[in-house]
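# Structural overview
Next come the chains, spelled out residue by residue.
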There are 2 protein chains.
Amino acid sequence: MPQPELIADDRITQAHGFTLWFTGLSGSGKSTLAAAVSAELRGRGVPVEVLDGDEVRQNLSKGLGFSREDRDTNIRRIGYVAKLLTRNGVAVISAAISPYRAIRDEVREDIGAFMEVYVKASLDECIRRDTKGLYRRALAGEIPQFTGVSDPYEEPVSPELVIDTEREQVAESAARVIDRLLELGHLRSPGDA
Amino acid sequence: MPQPELIADDRITQAHGFTLWFTGLSGSGKSTLAAAVSAELRGRGVPVEVLDGDEVRQNLSKGLGFSREDRDTNIRRIGYVAKLLTRNGVAVISAAISPYRAIRDEVREDIGAFMEVYVKASLDECIRRDTKGLYRRALAGEIPQFTGVSDPYEEPVSPELVIDTEREQVAESAARVIDRLLELGHLRSPGDA
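To start, this report covers the structure provided alongside it. (Residues numbered from 1 in each chain as written. Chains lettered and ligands numbered in written order. Predicted model: local features only at pLDDT ≥ 70, side-chain atom pairs only at ≥ 80, totals over all residues.)

## Regarding the packing of helix α4 (residues 68-86) of chain A against helix α5 (residues 101-111) of chain A
Residue and element names in this part refer to chain A. At a minimum axis separation of 9 Å, α4 and α5 run at an interaxial angle of 20°. Between α4 and α5, the angle is such that the two are roughly parallel. Note that α4 runs across α5; the crossing there is right-handed. Listed contacts from α5 to D72, I75, R76, G79, A82, K83 and T86 of α4 are I103, V107, D110 and I111. Looking at the contact of α4 with α5, its residues break down into 5 nonpolar, 2 polar and 4 charged. (Axes fitted to C-alpha atoms, helices over the stretch in contact; angles between N-to-C directions. Helix = DSSP H or I, 4+ residues; strand = E, 2+ residues; numbered from the N terminus. Parallel < 35°, antiparallel > 145°, perpendicular 65-115°, else oblique. Left-handed = near helix turned anticlockwise from the far one by under 90°. Contact = placed C-beta atoms within 7 Å. Nonpolar A, V, L, I, M, F, W, Y, C, P; charged D, E, K, R; others polar.)

Rendered as structure tokens:
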């Protein structure tokens with residue numbers, strides 16, 4: 001398990017701005033992982049902004065619903081803000097469900113320095129966790145268009161990383177994200193040429 | 001006229017991220033001034049993002065209209081993006097009409113490093129210029145809720161700077177903006193302590 005060593009290396013620096021795009025079901029662990037990764041990055045002096053799904057809906061997309069069109073509009077707005085921050089050297093972490101593949105590919109194209117992380121947990125496990133009590137209400141028919149219950153979730157086909165939050169601890173997952181950022185050249189370690 | 005000397009001083013550097021908030025009627029010259037100031041700043045290596053009214057409406061506020069509530073929502077979104085960029089060291093220029101005083105004061109409060117520039121031209125002059133052909137249509141009753149014609153514009157009470165675009169050339173105006181940024185400590189010149 002090489003991850004703890006990576007995390008311990010505080011000589012890691014940022015190569016340029018980038019966007020870490022977390023996608024996954026509600027309750028899959030996106031916000032928890034975003035908190036862990038942003039703490040790791042900040043600890044290395046990397047400027048970080050977390051665009052959390054709920055917060056961004058509040059600030060950029062109040063009034064939008066959960067139709068495919070409205071979801072796509074919401075994701076495009078996150079993508080626009082992520083692009084502005086990324087090209088100014090910020091490490092952006094988007095932690096919105098972003099259930100549709102096509103729009104994720106669109107923002108990937110638009111942003112450039114982009115790493116997609118599939119934050120994976122089975123629907124059964126997300127229902128068991130039910131962190132926000134939303135699945136209970138969705139299953140009771142009280143919330144229409146709820147991803148995984150009454151609305152689709154399209155798994156990424158070839159994300160740069162898959163994090164299985166049913167099998168991994170969050171510290172281990174955060175270390176794997178940092179590791180992959182290094183591999184892709186978004187972060188630099190002292191050993192790099 | 002000390003401005004040309006200031007502009008010529010390429011040793012000016014950035015002290016921190018800040019937001020330059022341009023407000024004024026449609027056609028008052030906000031976008032023209034934003035282009036001139038952003039060129040000056042970029043020439044000094046300052047990272048700049050211009051949040052132009054039309055572009056931002058397209059990217060963040062499609063579907064919103066021009067009621068006071070929708071205008072306020074649009075301005076809050078620009079303010080949110082400006083805040084994220086500003087706290088990451090970017091010089092942000094907002095060039096939206098932003099006709100209401102209260103919401104301008106709200107984003108000022110939220111952003112912190114903020115300088116309000118009233119880009120001033122009389123309604124008659126804006127109608128004469130009619131850069132986008134919108135006044136003609138608004139005066140013909142084809143565009144409802146058009147600022148200055150059928151919707152209010154609240155002049156700033158104490159902006160950090162007033163630029164009278166009927167009396168000044170754009171190069172002179174840009175120099176005055178840079179000058180004021182220096183005075184307020186958002187930019188630094190080699191003579192600073």
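## Description of the interface of chain A and chain B
Each side of the interface is counted separately: chain A has 13 residues, and chain B has 13 residues. With 6 residues, α4 of chain A is the largest single contributor of residues to the side of chain A that touches chain B. Broken down by class, the residue content of the side of chain A that touches chain B amounts to 7 nonpolar, 3 polar and 3 charged.

## Quick look at the pairing of strand β2 (residues 18-23) of chain B
Remark: a regular strand shows side chains that alternate across the two faces of the sheet. Residues and elements named next belong to chain B. Most of β2 is tucked away: 6 of the 6 residues are buried. Of the two faces of β2, the one carrying F18, L20 and F22 and the one carrying T19, W21 and T23 are both buried. Here β2 pairs with strand β4 (residues 91-95) via 4 bridges, running parallel. Directly across from L20, in β4, lies its bridge partner I93. With 5 bridges joining them, β2 and strand β5 (residues 114-120) adopt parallel strand pairing. The partner of W21 across the bridge, within β5, is E116. (Buried ≥ 20, exposed ≤ 12 C-beta atoms within 10 Å, placed from the backbone. Pairing = 2+ DSSP bridges.)

## Details of the pairing of strand β6 (residues 161-164) of chain A
Residue and element names in this part refer to chain A. Burial of β6 is one-sided: the residues L161 and I163 facing one way are buried, the residues V162 and D164 facing the other way are not. In this sheet, β6 lies alongside strand β5 (residues 114-120) in parallel orientation, the contact comprising 4 bridges. Its bridge partner being in β6, K120 is matched across the sheet by D164.

## Here's the deal with the relation of the copies chain A and chain B
Each copy of the sequence occupies a distinct position, and chain A is placed on chain B by a rotation of 180° and an axial shift of 0.0 Å, giving an RMSD of 0.0 Å. Expressed as a symmetry operation, the mapping of one chain copy onto the other fits a two-fold axis. An overlap of 100% is found between the interface residues of chain A and their copies at the interface of chain B, pointing to a shared contact surface. (Least-squares fit on C-alpha atoms with pLDDT ≥ 70 in both.)

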